[in-house]
Amino acid sequence: MKLIDGRLRLTELLLRISISVLSLLALILIVTDSEVKLIFTIKKAAKYTDMKSVVFLVVANGIATVYSLLQSVRCVVGKMKGTVLFSKPLAWTIFSGDQALAYLSVAAIATTAESGMIAREGEEDLQWIKVCNMYGKFCNRMTVGVASALFASIAMVFISCISAFSLFRLYGATKDRRTSPW
């Protein structure tokens, strides 16, 4: 059981570090992305703030970066001390934070992906043009940033599964289940 626990803690640490790196990369790529086009005599700049769903993604990635860095430090300290998580309130706190972050991240990716598809493909029924035809560099870099955020989001889902396992194993079988009325 100690071997499995050691591997699980190492996996958790590596996933949390990858979330921090991928979320920070997505944040940097998206925030620094802009492109200016001259339309007739007017300069029009495309920025991430033009789409509210992308602003939501930036905020979610910022939260994910900070939270995952803090949790990575907790994992490293726990590994150095050789302690195992036995505190139910702390386990519930970590589980709740991981769940909230995973849901926040998945929601941000979903809204940004929808906006991105509209920007790339347009919407003929509403007479929305294909913005990516005009701002190709902007859209390509934004796609890379969103892909990085997507990989971070997938890692967050795995982390929430690990924290769920870590929490619910604290409620292990202490009684014989066959004699229990429930």
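Cut-offs and rules
- Residues numbered from 1 in each chain as written.
- Predicted model: local features only at pLDDT ≥ 70, side-chain atom pairs only at ≥ 80, totals over all residues.
- Heavy atoms only, no water.
- Phe/Tyr/Trp six-rings, centres within 6.5 Å; stacked < 30°, edge-to-face > 60°.
- Helix = DSSP H or I, 4+ residues; strand = E, 2+ residues; numbered from the N terminus.
- Buried < 20%, exposed > 50% of the residue type's maximum accessible area, 1.4 Å probe, protein only.
- UniProt positions renumbered as here; feature names shortened; annotations may be inferred.
- Expected span 1.5 Å × (residues − 1).
- Patch = residues over 30% accessible without salt bridge, like charges linked within 9 Å, V, L, I, M, F, W, Y side chains within 5 Å.
- Areas by Shrake-Rupley, 256 points an atom, 1.4 Å probe, with all protein chains shown as cover.
- Salt bridge = Lys/Arg side-chain N within 4 Å of Asp/Glu carboxyl O.

Novice: How should the packing of aromatic side chains be read in this particular structure?
Specialist: Remark: the centre distance and the inter-plane angle together describe each pair of aromatic rings, the angle taken between the planes. Under the definition given, this model contains three aromatic pairs. When the centroid spacing of 5.8 Å and the interplanar angle of 80 degrees are considered together, the rings of W92 and F95 count as edge-to-face. With a gap of three residues between them, W92 and F95 both fall in helix 3 (residues 88-121), about one helical turn apart. The exposure class of W92 is partly exposed, given its relative accessible area of 35%.

Novice: Help me understand the UniProt feature "transmembrane region" (unreviewed entry) in the chain, please; the structure alone is not making it clear to me.
Specialist: Under the feature "transmembrane region" (unreviewed entry), the UniProt entry names residues 13-32, 53-70, 90-110 and 144-168. With 100% helix and 0% strand, residues 53-70 has its two end C-alpha atoms placed 26 Å apart. Structurally, residues 90-110 comprises 100% helix and 0% strand, and the distance from its first C-alpha atom to its last is 30 Å.

Novice: What exactly am I supposed to notice about the environment of L22 here?
Specialist: As for its position among the elements, L22 is in helix 1 (residues 2-31). Spatially, the C-alpha atoms of L22 and A45 are 26 Å apart, while their sequence positions differ by 23 residues.

Novice: Mind showing me how you'd approach helix 3 here?
Specialist: Given 3.6 residues to a turn, an α-helix orients residues that are three or four positions apart in the same direction. Relative to the 50 Å expected for 34 residues at 1.5 Å per residue, helix 3 spans 49 Å between its end C-alpha atoms, a close match to the ideal helical length. Buried within helix 3 are the following residues: A91, I94, F95, D98, Q99, L101, A102, S105, A108, I109, T112 and A119. Where helix 3 ends, the next residue or the one after it, G122, has phi of about 75 degrees, a positive value.

Novice: How should a nonpolar patch on the surface be read in this particular structure?
Specialist: The grouping of I39, F40, I129, V131 and M134 at the surface amounts to a nonpolar patch, some 490 Å² of accessible area in total. Among the structural elements, I39 can be located in strand 1 (residues 34-39).

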